[in-house]
Amino acid sequence: MEVGVPSARSRALAVLRVRSRALALGLLPAALAVVLVAARMTGRLAGDPWPAVTLAVCAVAALVLLVGGIFAAVVLRAGPAVTPTVPLTEAAAPDLYRLVRDLADRMDVPAPSAIALTPDCDSWLEDRTHAAHRRGGISTGPESEPGAAPVLVIGSPFLWWMRVAELRAVLAPVVAGTGPSAHPDIADARGFVRGLDAAVDVGNRPGLGWIAGPARLLLRLCRLDAAEMERGVAAAASERAQDVDYGLRIVAQEQVGLAYAGWDRLLTRVALPAWRMGRWPAHLDAGVVSALTELSRRDRLAEGYASRLGERPACDLLEQPGVIDEAASLLAARLFHGSPAETGADWSPVAWTAYPEEVVDRKWRTEAARLHTALDALAVTAGLPAGPPGSAASADSAASAGPAAIAAAGSAPPTADGFAGPTLERVLDYLTDPAGEGAAGEALAGRLTGDLAREERAAGPAGGGAGKARGGDAVPLFPLQPPRTGRDLLADHVTAMVCCAAVDSAGAAPGLDWLDGPVLLVGGERRSDLAPRVLSLVEDGDPEPLRDWLADLGVRPEKPVRLV
């Protein structure tokens, strides 16, 4: 028997003792009422005040039993959280199912009942046998039957980045966890903890708020034992898996860290800009391979990548990797951005080859239009004459800063402050501050922050009514980035304006860097020296470094740019 199993069992019993004590506490008034009634019936408690005491105790016991019964029913029936995943049937991945079953046979543990993919760099076992999952249609396959083994959830980036042997080594300790999970005491303790967690969620609903308090109290009482139980299960699974590809697992764990780094950069730098534009990259898992290939050029941690190319990639275990990649990419957008669960007119896929034109160029021109709309609003606020009707300087468009106003800015006549349309020269002139205090930049940053907040409120939740992960948990579950500061927004918008000017007047082009996202290409080469010059303008009010950069590229700041 593995070392961690006795420890996990003893901790599971400690969790179950918490449940038993709570049950005993709920039955105590009823037991006292039974004793008093029996004593009254046998004449042992005759006379006052025992009739009144017996009646009061019986009333309290009935109330406690009613409340306790409702609480117990909620804990038993409330559906525990289920991670949104891409189901993977055996017909869609027969080789992967064979690999997992072979692992289970070698370690003498039950095979997982099903396999699912998650757009994250992690793998775990998930129990989906709760009756609430079947009632709600969340889980309908063999994995939902009572007593079924847990579902094996695999991070989809692993399948594209790792080789087959590496994936087997990484999955071995995870699959080995089905052994301890099958023990009745451990399964019972886990079910109790999951029920309490679900009861806390039910307590957020109207009229059921009182349920959350007792559920949280019981969770606190068994939290330490539950955590130690899970550590014991993990230790037992790791020990059982030591004889399966142990040496390769050490190497594979390095690839896990590398995949996580590449996946994080791909989501935050590449996918997020596309999601904000209403487009979702349809092959994120294939993109992570390109991102890690680029990382292998820059980082010594990726040495040896070329030698791995000759080995069979784990995605070959899938019958249709492209279809699975597309489903995982759509789920990633839903989880990390709160986007709709299905494609639509305002939510469509984009191929990597079309990303520079359909995402990068559109992002730059949208932000440039928003920047000029903010400048128009500040010009009107300062008392300058408003622009002609229909221009971006009109008060209505300045107040809303919505898509209609941004679109109107593309064909705007001379602006309220005298410049001939949306030009880079207008931005440079406004932000120039010889005193170096950056007051104009602060005002413009504040205006941009407000305009962007109004746009987001007008658009509503990104996911709309697309779906819920469980009960009251709305997507996105894992937002990728905190809100940006006003200075960051201003720097991004000025950078976008500079890139638009470079594309329109200097023959530059939008590009995609797998690790850094949207980039400006000049002569086919990436220009990475723009950021410090923009910061000099935004933070210090000094336009000279940026003007020198523009002159070197042949960009004409006085020429109006094309907006969306």
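Small disclaimer: the values here were computed from a predicted structure and weren't measured.

**Observations concerning the overall build of the protein chain**
Step number 1: Helix and strand content of the protein chain: 21 helices and 11 strands.
Step number 2: Taken over 564 residues, the protein chain has a buried fraction of 46%.
Step number 3: Of the roughly 25800 Å² of accessible surface on the protein chain, 57% is carried by carbon and sulfur atoms.

**Considering the sheet that holds strand S3 (residues 123-126)**
Two modes of strand pairing occur in sheets, parallel and antiparallel, and in both the strands are linked by backbone hydrogen bonds.
Step number 1: Spatially, S1-S2-S4-S3 is the arrangement adopted by the four strands of the open sheet, whose pairing is mixed. Bordering the open sheet on either side are strand S1 (86-88) and S3, each of which pairs with just one other strand. Looking at each pair of strands side by side, their axes are set apart by 30° on average, direction ignored.
Step number 2: As judged from the three bridges shared by S1 and strand S2 (residues 114-118), these two strands associate in the antiparallel manner.

**Looking at the packing of aromatic side chains**
Step number 1: Counted according to the given criterion, the structure contains two aromatic pairs.
Step number 2: Both rings, one in Trp352 and one in Tyr355, keep their centres 6.0 Å apart while their planes meet at 45°; by these two values the pair is tilted.
Step number 3: Geometrically, the ring pair formed by Trp352 and Trp514 is edge-to-face, given 4.9 Å between the ring centres and 75° between the ring planes. Placement of Trp352 in the loop between strand S6 (348-350) and helix H14 (355-381) and of Trp514 in the loop between strand S9 (509-513) and strand S10 (517-522) is noted, with a sequence separation of 162 residues between them.
Step number 4: The structure contains a cluster of three or more aromatic residues connected by ring pairs, namely Trp352, Tyr355 and Trp514.

**Here's the deal with the sheet that holds strand S11 (residues 525-526)**
Step number 1: The antiparallel open sheet is built from three strands, whose spatial order is S9-S10-S11. The sheet terminates laterally at S9 and S11, the two strands that pair on one side only.
Step number 2: Sheet analysis places S9 next to S10, joined by five bridges and oriented antiparallel. Pairing of Asp513 across the sheet is with Gly517, part of S10.

Conventions we followed
- Residues numbered from 1 in each chain as written.
- Predicted model: local features only at pLDDT ≥ 70, side-chain atom pairs only at ≥ 80, totals over all residues.
- Heavy atoms only, no water.
- Helix = DSSP H or I, 4+ residues; strand = E, 2+ residues; numbered from the N terminus.
- Buried < 20%, exposed > 50% of the residue type's maximum accessible area, 1.4 Å probe, protein only.
- Areas by Shrake-Rupley, 256 points an atom, 1.4 Å probe, with all protein chains shown as cover.
- Pairing = 2+ DSSP bridges.
- Axes fitted to C-alpha atoms, helices over the stretch in contact; angles between N-to-C directions.
- Phe/Tyr/Trp six-rings, centres within 6.5 Å; stacked < 30°, edge-to-face > 60°.

Keep in mind that these numbers describe shape and distance, not what the molecule does.
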